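Per-entry structural report
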Amino acid sequence: YRTWLTGRYGQEVRTLDGLPSPPPGNSLIGAIPPTAERSGAMLFQEVARNWAQASLLMRSMLAARNVPYVHVLQPNQYHHTSRSFSPGEAAVAIHEDSGFKTGVEQGYPALLAEAASEDLAARAGFFDGTRIFDAGPPPAYIDNCCHYTRAGYLRLADFVARAIMTMSGPWRSTAVQ
């Protein structure tokens, strides 16, 4: 049976190989023309613009189905806020050579600026959670990337729950209100 299937597969491949190619305009697969190289602030602005547009598109798609959409930008130790790190937490959480540091330091300000310019809070249920660790808990981070302690995750979960409770929509049950 395996030999027979392999033979049938070979026949189909030869048949498909013999078909004429469709005109380039009819292809489901297309090559994207080269674009200008992006770097520095321009790169992060474009990433932030795409991020905001994706959020708006997801919100629109879900709203058509009466499904709530919540967009939270979580805290990251490389996005500078008023948070104070204990020496022990800083030794674990902040590494000058971290591969995440530059992207967060340059990317988060671009994301927050784009969120403000697109009014994502009103248009897409966006909530800025980047400062939720400013008043505690110590410690909040368990590595030099972005992962939290149990207390950190609980603080984030509380923030998201409060954000959801402030939202309105036909999807909310009377028990939640």
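Just above sits the structure.
Residues numbered from 1 in each chain as written. Predicted model: local features only at pLDDT ≥ 70, side-chain atom pairs only at ≥ 80, totals over all residues. Heavy atoms only, no water.

Some points on unusual backbone geometry
Which entries qualify depends on this criterion: Comment: elements are numbered from the N terminus, with helices defined as DSSP H or I runs of at least four residues and strands as E runs of at least two. For the exposure calls, accessible area comes from a 1.4 Å probe over protein chains only, and a residue counts as buried if that area is under 20% of its type's maximum, exposed if over 50%, partly exposed in between.
At Asn 66, a position not held by glycine, the phi torsion is positive, near 55 degrees. For Asn 66, the location among the structural elements is in the loop between helix H2 (40-63) and strand E1 (71-73). We classify Asn 66 as partly exposed; its relative accessible area is 47%.

Remarks on the packing of aromatic side chains
The condition that has to hold: Pairs were defined over the aromatic rings of Phe, Tyr and Trp, the Trp ring being its six-membered one, requiring ring centres within 6.5 Å. Orientation was assigned from the angle between planes: stacked under 30 degrees, edge-to-face over 60, tilted for the rest. Only lysine NZ and arginine CZ atoms are considered, and such an atom sits over a ring when it is within 6 Å of the ring centre and within 35 degrees of the ring normal.
Taken as a whole and judged by the stated rule, the model has 7 aromatic pairs. Geometrically, the ring pair formed by Trp 51 and Phe 126 is edge-to-face, given 5.7 Å between the ring centres and 85 degrees between the ring planes. Placement of Trp 51 in helix H2 and of Phe 126 in strand E2 (residues 126-128) is noted, with a sequence separation of 75 residues between them. Each residue in the set Phe 85, Phe 133, Tyr 141, Tyr 148 and Tyr 153 is aromatic and connected to the rest through ring pairs, giving one cluster. In this structure, Arg 83 is placed above the aromatic ring of Phe 85, and the distance from its NZ or CZ to the ring centre is 4.9 Å.

Let's talk about helix H6 (residues 150-166)
The line we're drawing: Helix span, expected: 1.5 Å multiplied by one less than the number of residues in the helix. Read the arc as the range of directions from the helix axis to the C-beta atoms. Working rule for contacts: check all heavy atoms of both residues, and any pair within 4.5 Å makes them a contact.
Helix length check: H6, at 17 residues, gives a terminal C-alpha distance of 25 Å against a target of 24 Å (1.5 Å per residue), a fit within 8%. Taken residue by residue, H6 has Gly 152, Leu 156, Phe 159 and Ala 163 as its buried positions. Angular distribution of buried residues about the axis of H6 spans 60 degrees; they occupy a single face of the element. For H6, the exposed residues set more than 90 degrees away from the buried face come down to Arg 150 and Arg 162. Along its buried surface, H6 packs onto E1 and E2.

Observations regarding the side chain of Glu 114
We apply this condition: Charged-residue counts in this description rest on Lys and Arg as positive and Asp and Glu as negative, His and the chain ends being excluded. A pair is scored as a salt bridge if a Lys or Arg side-chain nitrogen falls within 4 Å of a carboxyl oxygen belonging to Asp or Glu.
Tracing the sequence through the fold places Glu 114 in helix H4 (residues 101-117). One buried charged residue, Glu 114, forms no salt bridge at all, with the nearest opposite charge on Arg 49 at 4.9 Å. Among residues more than four places away in sequence, those in contact with Glu 114 are Ala 48, Arg 49 and Ala 52.

Structural notes on the environment of Glu 96
Condition: Polar contacts, as counted here, are pairs of nitrogen or oxygen atoms within 3.5 Å of one another; within protein the pair requires one atom able to donate a hydrogen and one able to accept it, and residues that are adjacent in sequence qualify only if both atoms are side-chain atoms.
Locating Glu 96 in the fold gives a position in the loop between helix H3 (87-93) and H4. Separated by 18 residues in the primary sequence, Glu 96 and Tyr 78 have C-alpha atoms spaced 9.6 Å apart. A distance of 3.3 Å separates a polar atom in the side chain of Glu 96 from a polar atom in the side chain of Lys 101.

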